[in-house]
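Structure at a glance
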Amino acid sequence: MSLSLSYIPGAAVAPTPARTGTARLLLDARRAYRGGPAAVAARQRARLAAQIAYARARSPYYRELYRGLPPQVDDVVLLPVTSKAQLMDRFDDWVTDPRATRDDVEAFVADPTRIGDQFLGDYTVATTSGTTGTRGIFLLDQLPLAVATAMMGRMLAGLVRPVDLVRIAAGGGRIALVTATGGHFASAAAAARLRSSPRRAQRVQAFSVQTPLPELVAQLNAFRPAVLAPYAGTAALLAGEQEAGRLDIHPTLAVLAAEGLPDREYQRIAAAFGAKVGHSYAATECPFLSYSCKEGWLHVNADWAILEPVDADHQPTPPGRRSHTVLLTNLANRVQPILRYDLGDSVLARPDPCPCGNPLPAIRVQGRTADLLSFPSPHGPVTVTPLTLSALLDRIPGIEVFQIIHAGPTTLRLRLLVRTGIDPDQAWQAARGALADLLANSGLDHVEIERADEPPRPSAGGKYRLVQPLALH
Ligand SMILES: [Zn+2]
């Protein structure tokens, strides 16, 4: 299949408004999907070459970093690896628009009255609280937002049938975003943009994840959304409220963001609401990174992003094996190029084609590498993965949401929220017993497990982190 460069959105060095048209992007996304891996790879290569050329032309940081590279580069493995700490440190040289200085964007972010405004009239601003300790400030120009819409459209085409769209329209098309409001988080900024016209403002409502649960339930009952878009942890809480009968909404579709849940939780949420459930794995650095399929895998939108599973030395991790970290390249955002950026997540790439028929690469996220818990022991430090702990508690009936806090070198603190009708003391005893067994089996019987009085809490970014390592608090 031959592709004309001028046809590919984003392939030209300077994107024009015409090239960011969502309809054109949707059409291209469908063609890439139907064309299979070769069509996806052709787009990826052309967009990468254009992105590198743009970064070299407009970003002093990348010009310096890529000094020793050949003039034309279209292979991502030739690029040096970058990190959030490095890029944030050189913010003013990193950006391709010299008007965007770190001082000005910091002042913009600090002003709560400007949430949803465009920085310099051109850019959506998103901040991350930073699981690795470095706070990130990200600017998005028009193209990545249009690509995000197109990728969402491609996901929905695989998830919903025409009858579902009719149901959504019959339900007033109302979309409830349950997000971290009151800050410049990506989702709050996106919600503010979605509500930018009066007609849309009536249909799209943002609800704060920090709202006390009974109040949030009352607000959602009044709004009656046709589409529910919460964080995954919040969706689990809301499913419990729906099961208990306090929440009584009937969305056709639930699209969950951020942290991963065990497979059976997605099924429980779908059953509680009688809705189709999709989820995404994305990052502020690349909001359109991937979407789930009906087989439970996440498909990377590889026509617009490159995700490389690698080991600690940044060498490729073979499919079927868990990577140490993952390198991200965003092929759409020009103002702040993200090229071979260490995202810090551990993923596993599926070695064979996904049975769902989606030709895009399929992955599973194994939890952030920064979340590994390390305990001192007489035989040296012992590391436990968050997934081990969360999978263990997932098997205990009656627990709605839990948080395991690594509160001291040899102390784990357990926050529990149990389902309606479940005895909290019983759930606590079961959880404590299971954790103690696991720790004893790992030579960690000296680690204490304490019961928290407080319930699980979302972080400032609105995410429920199931496992919080010692370094983070
Ligand atoms: Zn699939």
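Residues numbered from 1 in each chain as written. Predicted model: local features only at pLDDT ≥ 70, side-chain atom pairs only at ≥ 80, totals over all residues. Heavy atoms only, no water.

Remarks on the coordination of the zinc ion
The condition is simple: Counted as donors are the N, O and S atoms within 2.8 Å of the metal, or 3.2 Å for Na, K and Ca, while water is not among the atoms, so some sites may look incomplete. The rule is simple: four donors are tetrahedral if all their angles sit between 85 and 135 degrees, four are square planar and six octahedral if opposite donors span more than 155 degrees and the others lie between 65 and 115, and anything that fits none of that is irregular. Helix and strand assignments follow DSSP, with helices taken as H or I runs no shorter than four residues and strands as E runs no shorter than two, numbered in order from the N terminus. With a 1.4 Å probe rolled over the protein chains alone, any residue whose accessible area is under 20% of its type maximum counts as buried; one over 50% counts as exposed, and the rest are partly exposed.
With distances of 2.1 to 2.3 Å, the protein atoms coordinating the zinc ion are Cys293 (SG), His299 (NE2), Cys354 (SG) and Cys356 (SG). Of note is the zinc ion, whose 4 donor atoms meet at the metal with angles of 102 to 118 degrees in an arrangement that counts as tetrahedral. When the donors of the zinc ion are listed by position in the chain, the intervening gaps give C-x5-H-x54-C-x1-C. Placement of Cys293 in the loop between β8 (286–292) and β9 (298–300) and of Cys356 in the loop between β13 (345–349) and β14 (362–368) is noted, with a sequence separation of 63 residues between them. Per residue, the accessibility class of Cys293 equals that of Cys356, and both read buried.

Overview of unusual backbone geometry
Unusually for a residue other than glycine, Leu120 sits at a positive phi of about 60 degrees. Its location among the elements puts Leu120 in the loop between α5 (102–109) and β1 (124–128). Here His314, not a glycine, exhibits a phi torsion of approximately 65 degrees, which is positive. By the secondary structure assignment, His314 is in the loop between β10 (305–310) and β11 (325–330).

Topic: the pattern of salt bridges
This is how the line gets drawn: Any Lys or Arg side-chain nitrogen located within 4 Å of an Asp or Glu carboxyl oxygen qualifies as a salt bridge.
The final tally for this structure, using the stated rule, is 17 salt bridges. Between Arg154 and Asp303 there is a salt bridge whose closest N-O contact spans 2.9 Å. A residue pair is termed long-range when its members are at least 10 positions apart, and Arg154 in helix α6 (residues 142–159) and Asp303 in the loop between β9 and β10 qualify at 149 residues. For the residue pair Arg154 and Asp303, the accessibility class agrees, reading buried in each case. Linked through salt bridges whose partners overlap, the residues forming this network are Arg413, Arg415, Glu450 and Glu454.

Quick look at the sheet that holds β11
Rules: A pair of strands is labelled paired if DSSP reports no fewer than 2 bridges between them.
Strand order in the open sheet formed by 3 strands is β10-β11-β12, with antiparallel pairing between adjacent strands. The strands lining the two open edges of the sheet, one partner per strand, are β10 and β12 (341–342). Across 6 bridges, the pairing between β10 and β11 is antiparallel. Along β11, the bridge assignment pairs Pro309 with Val326.

Examining the pairing of strand β5 (residues 227–230)
Burial along β5 is two-sided: Val227 and Ala229 facing one way and Leu228 and Pro230 facing the other are all buried. Summarising the sheet, strand β3 (residues 175–179) and β5 pair through 4 bridges and their orientation is parallel. Residue pairing across strands places Ala176 opposite Leu228, the latter belonging to β5. With 2 bridges joining them, β5 and strand β6 (residues 253–256) adopt parallel strand pairing. Bridging across to β6, Val227 finds its partner in Leu253.

As for the pairing of β8
Counting buried positions over the 7 residues of β8 gives 6, a clear majority of the element. Here strand β7 (residues 276–283) folds back onto β8, and the loop between the two strands holds 2 residues. Here 3 bridges tie β8 to β9, and the two strands are oriented antiparallel to one another. Within β9, the residue paired with Ser292 across the bridge is Leu298. Counting the residues that bridge the hairpin from β8 to β9 gives 5 residues, and of these Gly296 lies at a positive phi of roughly 85 degrees.

A closer look at the packing of aromatic side chains
Quick note on the threshold: Only Phe, Tyr and Trp rings are paired, with Trp represented by its six-membered ring, and only when their centres lie within 6.5 Å; those with planes under 30 degrees apart are stacked, over 60 edge-to-face, the remainder tilted. As a reminder, the over-ring test applies to NZ of lysine and CZ of arginine, requiring each to be within 6 Å of the ring centre and within 35 degrees of the ring normal.
Taken as a whole and judged by the stated rule, the model has 6 aromatic pairs. When the ring centre of Tyr54 is taken as reference, the NZ or CZ atom of Arg334 above it lies at 4.9 Å. Positioned above the aromatic ring of Trp297 is the side chain of Arg364, whose terminal nitrogen or guanidinium carbon lies 4.1 Å from the ring centre.

Notes on the side chain of Ser346
In plain terms, the rule: Throughout this description, a polar contact denotes any pair of N or O atoms lying within 3.5 Å of each other; where both atoms belong to protein, one of them has to be capable of donating a hydrogen while the other can accept it, and for residues adjacent in sequence the pair is counted only when both atoms sit in side chains.
Structurally, Ser346 can be placed in strand β13. Of the polar contacts made by the side chain of Ser346, one reaches the side chain of Arg322; its length is 3.2 Å. Here the side chain of Ser346 touches Ser323 through a polar contact of 2.6 Å, landing on its backbone oxygen.

As for the nonpolar core
The nonpolar side chains of a soluble globular protein tend to be buried with one another. Short version of the rule: By nonpolar core we mean a set of buried residues, namely Ala, Val, Leu, Ile, Met, Phe, Trp, Tyr and Cys, connected to one another through side-chain atoms within 4.5 Å. It only takes one pair of heavy atoms within 4.5 Å for two residues to be counted as in contact.
Counting 65 residues, the largest nonpolar core has Trp94, Leu139, Tyr281, Phe288, Leu289 and Trp304 as the members making the most contacts within it. If near-sequence neighbours (up to four positions away) are discounted, Leu139 is found in contact with Phe91, Val95, Ala100, Val105, Phe119, Tyr123, Thr124, Val125, Asn333, Val335 and Gln336. Counting residues in each nonpolar core, the second largest holds 26 residues, with Phe375, Ala434, Leu435 and Val467 among its members.

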